[in-house]
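Chain by chain, the residues:
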Amino acid sequence: MTPGTPERRTHDYVRNGMTTLFAAFDVATGEVVSSLLRRHRAAESRKFLIRIDREMPARPQIHLICDNHGTHKTPAIRAWPAEHPRFHMHFTPPTGSSWINQVERWFGFLADQMIRRGAHKDVQALEVDIRAWVKGWNTDPKPFIWTKAVEEILEPPARFCRRISGAGHWAVSSRSSSRCRRAGRRGEAAGGGTTVG
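Predicted, not measured: the structure shown is a model, and the values here were computed from it.

(A) Geometry of the overall build of the protein chain. The number of helices and strands found in the protein chain is seven helices and five strands. Walking the protein chain from its N terminus toward its C terminus, one meets helices and strands in the order β-β-α-β-α-α-β-α-α-α-α-β. Taking all 197 residues of the protein chain together, 32% fall into the buried category. Within the protein chain, contacts between residues separated by at least 24 positions form 71% of all contacts whose residues are at least 6 apart in sequence. Roughly 12700 Å² of accessible area belongs to the protein chain as shown, and the carbon and sulfur atoms make up 56% of that amount.

Quick look at the structure:
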C-alpha cells in the first residue's frame, strides 16, 4: 500500500486450511501465552491449560475468563480447577459481552494488523506469521487500560431501553432485550476467550 491509496481486497476467498489459536492474555503485564493447534476440542483446551500452568509457575492465583464454547464446558475442562486449585474459571454470558474480555481485544489487534492483510499460501505459513507476531507482541507487551467510565459504557444501552420501553410492538430481538436487562444491573458483563489475571 502506498500513502493516499485506499486498501483493496479481492472478491474471492480461498480457504487453504484451518488452525486454532489458543491465547491467554495477562491483564497485569499484557504478555500473551499462546498455542496453535489444528483442532478445537476439549483435548486441545486441556493441553493449553497445561501450558499455562507450566509457563506461569510463580502466579499464586490464575483467573480464566472463558467464553461459552462447548469445549470449555466438558467434564475434563470443568474438572481442571479441582485438580489445580490456583486456577479459577469464570464463564461469560452467552452473547454480546466479548468486549470486556481483554484477550478478545488482543485477537482484534492480531486480525487487524496481521491476518487481514496477510497473504498466506497454506496453514503452515499462517502459523509461522502468527507465532512471529505473538513473539513481537511479547517483546514489548502492554496491558490494556480502560478509558471510559462505567457510566459512559452503560449509557447507550440504557438510552435504547428507555426509548423502546412501552413502545407497544414486538420488533425488539431477544438479543437486544437481553442487553437491556443486563444494562440495568450494575455493569454486569463479561467476555469471550480466555484472559489470565
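Having put the structure on the table, let's press on.
(B) Representation of the packing of aromatic side chains in the model. All told, the structure shown has 10 aromatic pairs when counted by the stated rule. Arranged with centres 5.7 Å apart and planes meeting at 35°, the rings of Phe22 and Phe48 form a pair that is tilted. Here Phe22, found in strand β1 (residues 20-26), pairs with Phe48, found in helix α1 (residues 42-55); they are 26 residues apart in sequence, far enough to count as distant. The burial state of Phe22 is the same as that of Phe48; both residues are buried. An aromatic cluster of at least three residues, connected via ring pairs, comprises Phe25, Trp106, Phe107, Phe109, Trp133, Trp137 and Phe144.

(C) Looking closely at the nonpolar core. Formed by 16 residues in total, the largest nonpolar core has its most connected members in Val33, Phe48, Ile52, Ile62, Leu64 and Phe87. Those elements giving two or more residues to this core turn out to be β1, β2 (32-37), α1, β3 (62-66) and β4 (87-91). Excluding residues within four positions of it along the chain, Phe48 makes contact with Phe22, Ala23, Ala24, Val33, Ser34 and Ser35. Ranked by size, the runner-up nonpolar core spans 14 residues in total, among them Leu21, Trp106, Leu126 and Val134.

(D) Highlighting the environment of Leu36. When you line up the elements, Leu36 lands in strand β2. By relative accessible area, Leu36 is classed as buried at 14%. The sequence separation of Leu36 and Glu127 amounts to 91 residues, and the corresponding C-alpha distance is 7.1 Å. The residues touching Leu36, leaving out its near neighbours within four places in the chain, are Thr19, Thr20, Leu21, Glu127, Ile130 and Arg131.

(E) Structural detail: helix α5 (residues 123-139). Taking 1.5 Å as the rise per residue, α5 with 17 residues should run 24 Å; its terminal C-alpha atoms sit 24 Å apart, in good agreement. Residues Val123, Leu126, Glu127, Ile130, Trp133, Val134 and Trp137 constitute the buried set of α5. Seen end-on, α5 carries its buried residues on one side only, within an arc spanning 125°. Of the exposed residues in α5, those oriented more than 90 degrees away from the buried face are Val128, Lys135 and Thr139. In this fold, the buried residues of α5 make contact with β1, β2 and α4 (102-115).

(F) Molecular detail of the packing of α4 against α5. Taken N-terminus to C-terminus, the directions of α4 and α5 make an angle of 120°; their axes are 11 Å apart at the nearest point. For the element pair α4 / α5, the angle class is oblique. Here α4 and α5 pass one another in a crossing that is right-handed. In contact with Trp106, Phe109, Leu110, Gln113, Met114 and Ile115 of α4, α5 contributes Leu126, Asp129, Ile130, Trp133, Val134 and Trp137. Split into classes, the residues belonging to the contact of α4 with α5 amount to 10 nonpolar, one polar and one charged.

Definitions and limits used
- Residues numbered from 1 in each chain as written.
- Predicted model: local features only at pLDDT ≥ 70, side-chain atom pairs only at ≥ 80, totals over all residues.
- Heavy atoms only, no water.
- Helix = DSSP H or I, 4+ residues; strand = E, 2+ residues; numbered from the N terminus.
- Buried < 20%, exposed > 50% of the residue type's maximum accessible area, 1.4 Å probe, protein only.
- Contact = heavy atoms within 4.5 Å.
- Areas by Shrake-Rupley, 256 points an atom, 1.4 Å probe, with all protein chains shown as cover.
- Phe/Tyr/Trp six-rings, centres within 6.5 Å; stacked < 30°, edge-to-face > 60°.
- Core = buried A, V, L, I, M, F, W, Y, C linked by side-chain atoms within 4.5 Å.
- Expected span 1.5 Å × (residues − 1).
- Arc of directions from axis to C-beta.
- Axes fitted to C-alpha atoms, helices over the stretch in contact; angles between N-to-C directions.
- Parallel < 35°, antiparallel > 145°, perpendicular 65-115°, else oblique.
- Left-handed = near helix turned anticlockwise from the far one by under 90°.
- Nonpolar A, V, L, I, M, F, W, Y, C, P; charged D, E, K, R; others polar.

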